[in-house]
Amino acid sequence: MRVAINHTQFSSVGGSERYIYFLVKNLLADGHEVHYFCSRRREELDHERLQFYHVPMVRGVRYLKVLSFARNSSRTIQKEGPFDVIHGFSKTYHQDVYTDGSGTQAVYRDYVFRNSSRFGKSLYRLSPYQLAVDHCERKRFARGNFTKILSMSRLVKDQVQTTYGLTDNEIDVLYNGIDCDEFSPAQTDAHRDASRWSLNGDDFAI
């Protein structure tokens with residue numbers, strides 16, 4: 001399959017970034033082509049079936065960064081396609097499959113600002129950055145702009161369904177996998193002492 005990945009950057013460090021990094025490696029290991037659309041590369045990964053595409057993004061102004069990447073990545077993907085699957089992450093709105101690990105902006109705002117004044121909430125909602133994020137989110141979850149939404153938790157699925165009225169056929173829960181070789185009791189035993197000493201071992205009882 002020809003798989004397009006759409007995210008602002010390529011890196012093995014970070015939450016979504018690390019998830020995508022290993023997704024790319026596993027797709028390549030399974031014999032697929034991976035076409036990665038991003039604005040920034042923080043990691044080098046050379047493979048004959050991996051191709052990167054630079055997506056222009058406005059720097060310095062937060063709301064312009066959001067809008068410019070979403071628009072330009074959509075245009076670049078359409079130009080370089082077709083692809084069998086377009087998999088989007090973060091602030092994008094052009095994809096067949098979108099993986100969501102953070103939930104909706106509306107729920108986030110209500111949680112963070114539940115003790116704020118009405119004026120403070122209104123001011124936050126009307127900031128150019130929030131308006132840009134909301135714009136991308138509404139387009140992302142509009143029918144016709146996706147085939148399947150993948151949620152990393154039941155909580156996120158409930159938020160998206162409540163806010164945008166998606167059906168169970170449109171959104172599935174897919175929990176993150178665990179690398180049992182890296183995260184195992186054997187690794188803990190092998191690295192415990194060195195890790196403790198690197199964090200100032202005098203403060204730990206070994």
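In this report, we go over the structure that sits alongside the text. Here the structure is a predicted model, which means the values were calculated and not measured.

**Overview of the overall build of the chain**
- In terms of helices and strands, the chain carries seven helices and nine strands.
- Its C-alpha atoms give the chain principal-axis dimensions of roughly 55 × 50 × 40 Å.
- Buried positions account for 37% of the 206 residues belonging to the chain.
- For the chain, restricting intrachain contacts to residue pairs at least 6 apart in sequence, the fraction spanning at least 24 positions comes to 52%.
- Of the roughly 12,300 Å² that the chain leaves accessible, carbon and sulfur atoms contribute 52%.

**Regarding the pattern of salt bridges**
- Inspection of the entire model under this criterion finds seven salt bridges.
- For glutamate 44, the salt bridge identified is with arginine 41, shortest N-O distance 2.9 Å.
- For glutamate 44, a relative accessible area of 57% gives the class exposed.

**Looking at the packing of helix H2 (residues 62–80) against helix H5 (residues 128–140)**
- The interhelical angle for the contact between H2 and H5, taken along N-to-C directions, is 20°, at an axis separation of 7 Å. Taken as axis vectors, H2 and H5 run roughly parallel relative to one another. Once H2 is placed against H5, the crossing between them reads as left-handed. Contacts between H2 and H5 involve Arg62, Tyr63, Val66, Leu67 and Ala70 on the former and, on the latter, Pro128, Tyr129, Ala132, Val133, His135 and Cys136.
- Counted by class, the contact of H2 with H5 contains nine nonpolar, one polar and one charged residues.

**Let's talk about the pairing of strand E7 (residues 97–100)**
- A two-sided burial pattern is seen for E7, the buried positions comprising Val97 and Thr99 on one face and Tyr98 and Asp100 on the other.
- For strand E6 (residues 85–88) and E7, the ladder comprises two bridges, and the chain directions are parallel. Pairing of glycine 88 across the sheet is with tyrosine 98, part of E7.
- The pairing of E7 with strand E8 (residues 148–151) spans four bridges and is classified as parallel. Across the sheet, tyrosine 98 pairs through a bridge with isoleucine 149, a residue of E8.

**Some words on unusual backbone geometry**
- Of the consecutive residues glycine 81 and proline 82, the connecting peptide bond is found in the cis state with omega at 10°.
- As for its placement among the helices and strands, proline 82 is situated in the loop between H2 and E6.
- Residue serine 90 is not a glycine yet carries a positive backbone phi of 65°.
- In this fold, serine 90 is placed in the loop between E6 and E7.

**With respect to the side chain of glutamate 170**
- For glutamate 170, the position within the fold is in the loop between helix H6 (154–164) and strand E9 (171–173).
- Take glutamate 170: its relative accessible area is 14%, and that puts it in the buried class.
- At a separation of 2.7 Å, a polar atom in the side chain of glutamate 170 contacts the side chain of arginine 143.

**Digging into the nonpolar core**
- One finds Ile5, Phe10, Val24, Val34, Tyr36 and Leu50 to be the most contacted residues of the largest nonpolar core, which totals 15 residues.
- Contributing elements (two or more residues each) for this core: strand E1 (2–6), helix H1 (15–29), strand E3 (33–38) and strand E5 (50–54).
- A per-element tally of this core places H1 first, with five residues.
- With sequence-adjacent residues up to four places away left out, leucine 50 is seen in contact with Val24, Leu28, Val34 and Leu45.

**Overview of the sheet that holds E3**
- Taken in spatial order, the seven strands make up an open sheet running E5-E3-E1-E6-E7-E8-E9, and their pairing is parallel. Taken across any chain shown, the strands that pair with only one partner, and hence form the sheet edges, are E5 and E9. For this sheet, the mean inter-axis angle between neighbouring strands, taken without regard to orientation, is 20°.
- The sheet contact formed by E1 and E3 spans five bridges and is parallel. Residue pairing across strands places asparagine 6 opposite phenylalanine 37, the latter belonging to E3.
- Relative to E9, H6 is tilted by about 165°, and along the sheet it contacts E7, E8 and E9.

The rules behind each value
Here the residue numbers are simple positions, counted from 1 along each chain's written sequence. Owing to the predicted nature of the model, reporting of local features is limited to residues with pLDDT of at least 70; listing and counting of side-chain atom pairs is limited to 80 or more, with chain, interface and lining totals taken over all residues. With hydrogens and water excluded, all non-hydrogen atoms of the structure serve as input to the side-chain values. Secondary structure elements follow DSSP: runs of H or I of four or more residues count as helices, runs of E of two or more count as strands, with numbering from the N terminus. Here's how the labels work: a residue is buried when its accessible area is under 20% of the maximum for its type, exposed when over 50%, partly exposed in between, all with a 1.4 Å probe on protein chains only. By the convention used here, residues are in contact when the closest approach between their heavy atoms is within 4.5 Å. The protein chains shown are the only cover counted for residues, whose accessible areas, like all others here, come from Shrake-Rupley with a 1.4 Å probe. Whenever Lys or Arg places a side-chain nitrogen within 4 Å of a carboxyl oxygen from Asp or Glu, that contact is recorded as a salt bridge. Axes, fitted as lines to C-alpha atoms, cover a helix only where it is in contact. Angles between the N-to-C directions of the axes lie from 0 to 180 degrees. Angles are sorted into four bins: roughly parallel if under 35 degrees, roughly antiparallel if over 145, roughly perpendicular if 65 to 115, and oblique for all others. Working rule for handedness: look at the near helix, and if it is turned counterclockwise from the far one by less than a right angle, call the crossing left-handed; if clockwise, right-handed. Side-chain classes follow a simple rule in which Ala, Val, Leu, Ile, Met, Phe, Trp, Tyr, Cys and Pro form the nonpolar group, Asp, Glu, Lys and Arg form the charged group, and the remainder, Gly included, forms the polar group. We call two strands paired when DSSP finds no fewer than two bridges between them. Any pair of N or O atoms that falls within 3.5 Å is considered a polar contact. Within protein, one atom must be able to donate a hydrogen and the other to accept it, and sequence-neighbouring residues count only if both atoms are side-chain atoms. To form a nonpolar core, buried Ala, Val, Leu, Ile, Met, Phe, Trp, Tyr and Cys residues must be joined to one another through side-chain atoms within 4.5 Å.

Functional significance is not addressed by these values, which are geometric in nature.
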